[in-house]
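What follows is each chain in one-letter form.
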Amino acid sequence: IEKLIHEANDLKAESKKGESEAQAAYEQTIADTNGSVEALQKEIVAKTKAKAEAHKDKLQAESDHLDTVKELEGLAKYTADLHEDCDYVMKNFEVRQNGRQAEIEALQQAK
């Protein structure tokens, strides 16, 4: 009977030791998991902020692009108008030159 009691006590001590080790392992796992969750939450917050900043930058870039396109369209229209004016001057240059030459000759003959 003493042997049985002794074995029961050994088994009880072994069980308590195993339970303590399991409890310690469980607590360590919980601590590790909580640390991992906290790190992942911080990462989510950082990535969310980065995404919001990138979205803001994208909207600004799109706005700048539209402004640039409008400015280029305006410059293209200005260039076309200027080219039209220059074409008119170049087209009538010969006629105006001949007219002035005729005026000069008329003035010289009038002297």
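Remember, predicted model here, so these are calculated numbers, not experimental data. (Residues numbered from 1 in each chain as written. Predicted model: local features only at pLDDT ≥ 70, side-chain atom pairs only at ≥ 80, totals over all residues. Heavy atoms only, no water.)

Participant: Looking at this model, I keep getting lost on the overall build of the protein chain. Mind explaining?
Facilitator: Assigned secondary structure in the protein chain consists of 1 helix and 0 strands. For a compact globule of 111 residues, the expected C-alpha radius of gyration is about 13 Å, and the protein chain comes in at 47 Å, more than 25% above that figure. Based on the C-alpha atoms only, the size of the protein chain along its principal axes is roughly 155 × 15 × 15 Å. Among the 111 residues that make up the protein chain, the fraction classed as buried is 1%. Per element, the accessible surface of the protein chain, about 10500 Å² overall, is 59% carbon and sulfur. Taking the 16 positively charged and 24 negatively charged side chains of the protein chain as two groups, their mean positions are separated by 3 Å. (Helix = DSSP H or I, 4+ residues; strand = E, 2+ residues; numbered from the N terminus. Rg over C-alpha atoms; globule rule 2.2 N^0.38 Å. Buried < 20%, exposed > 50% of the residue type's maximum accessible area, 1.4 Å probe, protein only. Areas by Shrake-Rupley, 256 points an atom, 1.4 Å probe, with all protein chains shown as cover. Lys, Arg positive; Asp, Glu negative; His and termini not counted. Charge placed at Lys NZ, Arg CZ, Asp CG, Glu CD.)

Participant: Honestly, the pattern of salt bridges in this entry has me stumped. Any pointers?
Facilitator: Side-chain pairing between opposite charges can occur once the charged atoms of the two side chains come close. In this structure the tally under the stated criterion is 5 salt bridges. One salt bridge connects Glu43 with Lys47, and the closest N-O pair in it is separated by 3.1 Å. In this pair, Glu43 and Lys47 are both assigned in helix 1 (residues 2-110), 4 residues apart and thus about one turn of the helix distant. Relative accessible area serves as the criterion here: at 39%, Glu43 is assigned to the partly exposed category. The exposed category is assigned to Lys47, whose relative accessible area is 54%. Glu53 serves as the salt-bridge partner of Lys56, at 3.8 Å between the closest nitrogen and oxygen. Separated by 3 residues within a single helix, Lys56 and Glu53 lie in helix 1, roughly one turn from each other. For Glu53, a relative accessible area of 38% gives the class partly exposed. (Salt bridge = Lys/Arg side-chain N within 4 Å of Asp/Glu carboxyl O.)

Participant: Is there a simple way to think about helix 1 in this case?
Facilitator: Three- or four-residue spacings in an α-helix give side chains the same orientation, since the helix completes a turn every 3.6 residues. Between its first and last C-alpha, helix 1 extends 156 Å over 109 residues, near the 162 Å set by a 1.5 Å rise per residue. The sharpest bend along helix 1 comes to roughly 45°, located at Phe93. (Expected span 1.5 Å × (residues − 1). Bend = angle between axes of the 7 residues up to and from the residue.)

Participant: What is the right way to read the environment of Ser20 from this model?
Facilitator: With respect to the helices and strands, Ser20 occurs in helix 1. Looking at Ser20, the relative accessible area reads 47%, which means it is partly exposed.

Participant: Any chance you could explain the environment of Lys42 here in plain terms?
Facilitator: Relative to the assigned elements, Lys42 resides in helix 1. Under the relative-accessibility criterion, Lys42 is labelled exposed at 56%. Separated by 36 residues in the primary sequence, Lys42 and Tyr78 place their C-alpha atoms 54 Å from one another.

Read these as geometric descriptors, not functional statements.
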